[in-house]
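# Overview (structure and organization)
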Amino acid sequence: KKMMDTVEEPVVLDGLPYIDREYSDPKVRKKVEKMVQEEMRTFRPPDYLSELPMPDTKWTSVVLRDMMKRKTEPSRTKFDLDRYKITPPKSNDVKEWKGALRTLRTQLEHQTARTLNLELMKRYGANSWRGFSSNLGQYEQIFGDVLSERKKEVREMNRKRKASQLAVAPNMHTAEQRWLEYAYKNNELQVVCMELDKQVRKLRKLKRLAAASK
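Position labels on residues start from 1 in each chain and follow its written sequence. Residue-level local features of this predicted model are given only where pLDDT is at least 70; pairs of side-chain atoms are given and counted only at 80 or more, and the full residue set underlies all totals for whole chains, interfaces and linings. As a rule here, side-chain values cover all heavy atoms of the structure and leave hydrogens and water aside.

### Digging into the packing of aromatic side chains
We count it as follows: A pair of aromatic rings is counted whenever rings of Phe, Tyr or Trp (Trp by its six-membered ring) have centres within 6.5 Å, and the orientation is called stacked for planes under 30 degrees apart, edge-to-face for over 60 and tilted otherwise. Runs of E in the DSSP output that reach at least two residues are strands. Runs of H or I that reach at least four are helices, and both are numbered from the N terminus. Here the term buried applies to any residue with accessible area under 20% of the maximum for its type, exposed to any over 50%, and partly exposed to those in between, with areas from a 1.4 Å probe on protein chains only.
Within the structure shown, the criterion is met by 2 aromatic pairs. With 5.5 Å between their ring centres and 90° between their planes, Trp129 and Phe132 make a pair best called edge-to-face. Within this pair, Trp129 and its partner Phe132 are both found in helix H4 (residues 94-213), separated by 3 residues, close to a single helical turn. Its relative accessible area of 56% is what places Trp129 among the exposed residues. Judged by its relative accessible area of 44%, Phe132 is partly exposed.

In structure tokens, the structure reads:
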């Protein structure tokens, strides 16, 4: 309700798409599209969330602390890729040989894990993907049923709107025709009244001239 209250001027949609035929005219359609484009250029949507409080989540303090930490800490060094390269030592330095051995063992463990993962994927990957595909199929069926139900509701709503509008269409066309006739007659009466008023002013002027000549 608060979000609806933020709209300054609520708009009442009084269009009758199943009765009104003006939009079928290309000239009218072009004019309407031009008006819509002009409105879109000047439209400034209100802030619908301005009246709502900020969400209170348990992660807020953690995120703020991490952001402050990143802001105050010096720039971190780039990711070191040299430790993943296996290069033989270039000297007889024991420390250098130990580092190369440690790197070699790390890469060996990494390759062992990769081999194990490949074996597990070969054994269980197909069944896992079949299960995943089956779940996706079930979700597709569920959402497809929901979508079909919504489309059915939309069609039913449009059917009722069309029926209700077409039911009053003859009366509306009759009233519109009658209004046009009355408007035309009023215009004719207005023209006649203007002509009579002109003649009255002319006769009064002649009367004044005749009285002045005596």
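### A closer look at the confidence of the model for the protein
We apply this condition: Per-residue confidence from the predictor is reported as pLDDT, a score between 0 and 100.
Considering every residue of the protein, the mean pLDDT works out to 84; 90% of them sit at 70 or more. Of all the helices and strands in the protein, helix H1 (residues 2-5) carries the lowest mean pLDDT, 46, while H4 carries the highest, 92.

### Structural notes on the pattern of salt bridges
Cut-off, in case you're wondering: The rule for a salt bridge is simple: a side-chain nitrogen of Lys or Arg has to be within 4 Å of a carboxyl oxygen of Asp or Glu.
For the structure on display, the rule yields 3 salt bridges. A salt bridge links Glu153 to Arg150, with the nearest nitrogen and oxygen atoms 3.7 Å apart. Here Arg150 and Glu153 lie together in helix H4, a separation of 3 residues that amounts to about one turn. Look at Glu153 and you get partly exposed, because its relative accessible area is 40%.

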